[in-house]
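Here's the letter readout for the chains.
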Amino acid sequence: MTFALIATGGTIACTTVRDGSLVPTVSGQQLAQFLDAEVGTHDIEVVEFRALDSSSITLADLDELLLCARQHLARPEIDGVLITHGTDSMEETALALSLFDLGEGPIVLTGAQRAFDHPAGDGPRNLRDSYELLCSGKPGVWVQFGGKTIPGRAARKWHTSQLNGFEELPVGDSALAPLPLSPMAQHPVEIIAAYPGAGAALVDASLNHTHGLVIEAMGSGNMGEEMGAGVARALQAGVPVVISTRTPYGTTKLAYGGAGGGATLGEMGAVASGGFRAGQARIMLAAALATDTPVAEMFSTAPSATAYTAG
């Protein structure tokens, strides 16, 4: 079996410099050499894709990364892809990889909360676990982190520093087939946070340069009247709007009336994000726009399987 390791930077590739800051200095080839020393593998091809803090990854970077993964999976000699990645935006990248049709073979993302030169670093374990997951041939996109194997569609970073810093959100399976790969960078989407008494200034200002909006609303999907009026103007102008929530857990449901209520905006065309949080909703909305997929369909989930018993 042969795998591609696509290195994008992140803490797993960082070392500590003299002033105490972390800088990406470890190459993908060095990470592959570590795996070779640990598990005796000689079956990894390295792609030095980026050396970035993942908070800097743009939609254009994501477009290139998805194309890179698809190109390698299209090669008959490649059995899977390992992506080393920063934790700040790993959930966005994992979701993007899950949305599009990139071919057969597992895709595993991993990273670290501690630098590569930390005396008790978590990167080595995560690399070993990720390699074992690749060798299992388990299909799909996965985040392997802190001893957990999490579907890429449902992954979220829940803690800034704990070594098991990712969790699985109950977002359900997609009702859509994987999308044809299309560039998202041409469809910028902004995230705007609601708070008690928030106005419409940011919503109105965004309309000149965004193709879609995600509102990180309060509760089950609500905002104040003034901000709600701005969102209504965006919808009337033909800008698609997805409403998520700042609440850590639970489903966005557009249930309340009033000028800023989710139900009122839903009647005007806003779409609830369901279990997805704002960062994930941004990727899904950009993907919907890139592929001309109806936004509501992008956020729909497949019905649960029905269990039948003999009676």
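Calculation notes
Residues numbered from 1 in each chain as written. Predicted model: local features only at pLDDT ≥ 70, side-chain atom pairs only at ≥ 80, totals over all residues. Heavy atoms only, no water. Helix = DSSP H or I, 4+ residues; strand = E, 2+ residues; numbered from the N terminus. Rg over C-alpha atoms; globule rule 2.2 N^0.38 Å. Buried < 20%, exposed > 50% of the residue type's maximum accessible area, 1.4 Å probe, protein only. Contact = heavy atoms within 4.5 Å. Areas by Shrake-Rupley, 256 points an atom, 1.4 Å probe, with all protein chains shown as cover. Lys, Arg positive; Asp, Glu negative; His and termini not counted. Charge placed at Lys NZ, Arg CZ, Asp CG, Glu CD. Axes fitted to C-alpha atoms, helices over the stretch in contact; angles between N-to-C directions. Parallel < 35°, antiparallel > 145°, perpendicular 65-115°, else oblique. Left-handed = near helix turned anticlockwise from the far one by under 90°. Nonpolar A, V, L, I, M, F, W, Y, C, P; charged D, E, K, R; others polar. Pairing = 2+ DSSP bridges. UniProt positions renumbered as here; feature names shortened; annotations may be inferred. Right-handed = clockwise from strand over helix to strand, strands pointing away.

Caption draft 1: Molecular detail of the overall build of the protein chain. Summing up its helical and strand segments, the protein chain has nine helices and 14 strands in all. For a compact globule of 311 residues, the expected C-alpha radius of gyration is about 19 Å, and the protein chain comes in at 20 Å, within 12% of that figure. C-alpha extents for the protein chain along the principal axes are approximately 65 × 60 × 35 Å. Looking at the protein chain as a whole, 50% of its 311 residues are labelled buried. Here the contacts in the protein chain between residues at least 6 apart in sequence split such that 69% fall between residues at least 24 apart. Within the structure as shown, the protein chain displays about 13,600 Å² of accessible surface, and the carbon and sulfur contribution to it stands at 52%. Computing the positive centroid from 17 side-chain charges and the negative centroid from 32, the protein chain places the two 6 Å apart.

Caption draft 2: Examining unusual backbone geometry more closely. Its identity is not glycine, yet Asp-292 carries a phi of approximately 55 degrees, on the positive side. Considering the arrangement of structural elements, one finds Asp-292 in the loop between α8 (278–291) and α9 (295–298). Here Asp-292 falls in the exposed class, since its relative accessible area comes to 72%.

Caption draft 3: Examining the packing of helix α2 (residues 59–73) against helix α3 (residues 90–99) more closely. Where α2 meets α3, the closest approach of the two axes is 10 Å, and the angle between their N-to-C directions is 50 degrees. Our classification of the angle between α2 and α3 gives oblique. Every pair of crossing elements has a handedness; the one defined by α2 and α3 is right-handed. Seen from α2, the contacting residues are Leu-62, Leu-65, Leu-66 and Ala-69; seen from α3, they are Thr-93, Ala-96 and Leu-97. Across the contact of α2 with α3, the residue classes tally to six nonpolar, one polar and no charged.

Caption draft 4: How the structure looks around the sheet that holds strand β12 (residues 212–217). The strand order across the open sheet built from four strands is β11-β12-β13-β14, with neighbouring strands paired in parallel fashion. Sheet topology places β11 (189–193) and β14 (271–272) at the edges, where each strand pairs with a single neighbour. Here β12 pairs with strand β13 (residues 241–245) via five bridges, running parallel. Residue pairing for β13: Ile-215 is matched across the bridge by Ile-243. Packed onto the sheet, α8 meets β11, β12 and β13 and runs at close to 160 degrees relative to β12.

Caption draft 5: Fine view of the UniProt feature "domain: Asparaginase/glutaminase C-terminal" (unreviewed entry) in the protein chain. UniProt feature "domain: Asparaginase/glutaminase C-terminal" (unreviewed entry): in the numbering of this structure it lies at residues 189–295. The span residues 189–295 carries 36% helix and 17% strand; its end-to-end C-alpha distance comes to 13 Å.

Caption draft 6: Representation of the pairing of strand β7 (residues 141–145) in the model. Most of β7 sits out of view: five of its five residues are buried. Side chains of β7 alternate between two faces, with Val-141, Val-143 and Phe-145 and Trp-142 and Gln-144 buried alike. Two elements, strand β6 (residues 107–110) and β7, share three bridges in a ladder whose sense is parallel. From the neighbouring strand, Ile-107 faces β7, where its bridge partner is Val-141. The parallel pair β6 and β7 is bridged by helix α4 (residues 123–136), and the resulting crossover is left-handed. Taking the residues that link successive antiparallel strands as the turn, the β7-strand β8 (residues 148–151) hairpin has two residues, and the phi of Gly-146 there is positive, at about 60 degrees.

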